[in-house]
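# Observations on the model geometry
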Amino acid sequence: MTAPLTPPHQPSPHNDPWQKPSAGPRFHEPETRDVADLKRDARDAILVVVALTVLGVALGLLWLWLAPRVPLISSDKAVFLKDTEGEEAVGADGTFALLALGFGAVSAAAVFFFRRRGGIALVVALALGGLFGSLLAWGIGEWFGPTDDVVAHARAVGEGVTFDAPLELKARGALLAWPVAAMVVHLALTALFGPRDPEPEWPPFPYGPGPGPGPGAGAGAGQGGAG
């Protein structure tokens with residue numbers, strides 16, 4: 001008998017106790033990917049909220065420029081509407097609502113163009129950003145518009161002189177026009193042009209028809225019966 005190649009008192013090089021264990025399969029890659037996606041969604045949502053809030057400055061300036069003015073006139077006793085049948089006050093609310101709807105549609109289309117993946121975080125960000133932008137626009141329009149001290153304004157211009165009433169948003173529901181339009185348009189674009197989930201591939205049906213009789217089976221059976 002021949003001696004073994006490796007003496008029994010010497011450990012095999014493959015069983016080195018000081019050798020580092022080999023890296024096994026990684027089970028945390030999906031979790032790491034999910035955390036990265038959540039961070040990216042949160043970052044994009046914050047950027048959308050900030051951008052739409054700043055965009056409210058443009059909405060406020062446009063409302064201040066395009067909203068019809070309510071003419072007032074004063075006498076030695078009080079301040080009156082120059083045109084009692086005018087609809088300028090309603091026109092100011094309508095102007096704000098129409099501008100807000102346009103801003104909502106444009107902002108939703110822009111967000112969808114830059115982030116086609118969508119997600120609930122972006123929809124919530126569009127709603128919050130649109131609401132904050134509307135509030136900021138409302139404040140800017142009333143702040144930079146005609147003064148709300150009507151008596152002092154009437155005294156400054158004099159009796160019988162027409163001046164503008166303060167710009168007011170009486171229909172507070174118009175503040176929701178931007179966020180509602182943004183959510184509806186973004187959801188519609190996502191449903192029509194968003195990425196689709198891949199269709200599942202079904203395996204072939206395992207129970208197919210069994211193999212038929214061979215070509216000579218019928219002939220053999222006929223011969224046996226004939227014999």
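Preceding this paragraph is the structure being described.
These lines cover the structure that appears in this document, whether it is placed above or below. This structure is a prediction, so every number in the text was calculated from the model and none was measured.

### Brief notes about the overall build of the protein
What the protein contains, in helices and strands, is 6 helices and 3 strands. Mapped in sequence order, the helices and strands of the protein form the string α-β-β-α-α-α-β-α-α. Counting the 227 residues in the protein, one finds 27% classified as buried. Excluding contacts between residues fewer than 6 apart, the proportion of contacts in the protein whose partners are at least 24 apart in sequence is 82%.

### Here's the deal with a negative patch on the surface
On the surface, a cluster of negative charge is made up of Glu142, Asp148, Asp149 and Glu168. Relative to the helices and strands, Asp148 is located in the loop between helix 3 (120-144) and helix 4 (150-157). Since its relative accessible area comes to 66%, Asp148 is described here as exposed.

### Considering the packing of helix 2 (residues 88-114) against helix 5 (residues 177-193)
Where helix 2 meets helix 5, the closest approach of the two axes is 7 Å, and the angle between their N-to-C directions is 35°. Considering only the axes of helix 2 and helix 5, their crossing is right-handed. Residues Ala97, Ala100, Leu101, Phe103, Gly104, Ala105, Ser107, Ala108, Ala109, Val111 and Phe112 of helix 2 lie in contact with helix 5, whose contacting residues are Ala177, Trp178, Ala181, Ala182, Val185, His186, Leu189, Thr190 and Phe193.

### Let's talk about the packing of aromatic side chains
Throughout the structure, instances matching the rule amount to 3 aromatic pairs. A centroid spacing of 5.1 Å and a plane angle of 80° characterise the contact between Trp63 and Phe96, whose relative ring orientation is edge-to-face. Pair noted here: Trp63 is in helix 1 (residues 29-66) and Phe96 is in helix 2, with a separation of 33 residues, a long-range link. Like Phe96, Trp63 is buried.

### Quick notes on the nonpolar core
Formed by 27 residues in total, the largest nonpolar core has its most connected members in Val48, Leu59, Trp63, Phe96, Leu126, Leu169 and Trp178. Of all the secondary-structure elements, those providing two or more residues to this core are helix 1, helix 2, helix 3 and helix 5. Dropping the residues within four chain positions of it, Leu169 is found in contact with Trp63, Asp93, Phe96, Trp138, Glu142, Ala174 and Leu175.

### Quick word on the side chain of Arg115
Position of Arg115 among the secondary structure elements: in the loop between helix 2 and helix 3. Other than its neighbours up to four places away in sequence, Arg115 contacts Arg40, Asp41, Asp44 and Leu122.

Rules behind the numbers
Residues numbered from 1 in each chain as written. Predicted model: local features only at pLDDT ≥ 70, side-chain atom pairs only at ≥ 80, totals over all residues. Heavy atoms only, no water. Helix = DSSP H or I, 4+ residues; strand = E, 2+ residues; numbered from the N terminus. Buried < 20%, exposed > 50% of the residue type's maximum accessible area, 1.4 Å probe, protein only. Contact = heavy atoms within 4.5 Å. Patch = residues over 30% accessible without salt bridge, like charges linked within 9 Å, V, L, I, M, F, W, Y side chains within 5 Å. Areas by Shrake-Rupley, 256 points an atom, 1.4 Å probe, with all protein chains shown as cover. Salt bridge = Lys/Arg side-chain N within 4 Å of Asp/Glu carboxyl O. Lys, Arg positive; Asp, Glu negative; His and termini not counted. Charge placed at Lys NZ, Arg CZ, Asp CG, Glu CD. Axes fitted to C-alpha atoms, helices over the stretch in contact; angles between N-to-C directions. Left-handed = near helix turned anticlockwise from the far one by under 90°. Phe/Tyr/Trp six-rings, centres within 6.5 Å; stacked < 30°, edge-to-face > 60°. Core = buried A, V, L, I, M, F, W, Y, C linked by side-chain atoms within 4.5 Å.

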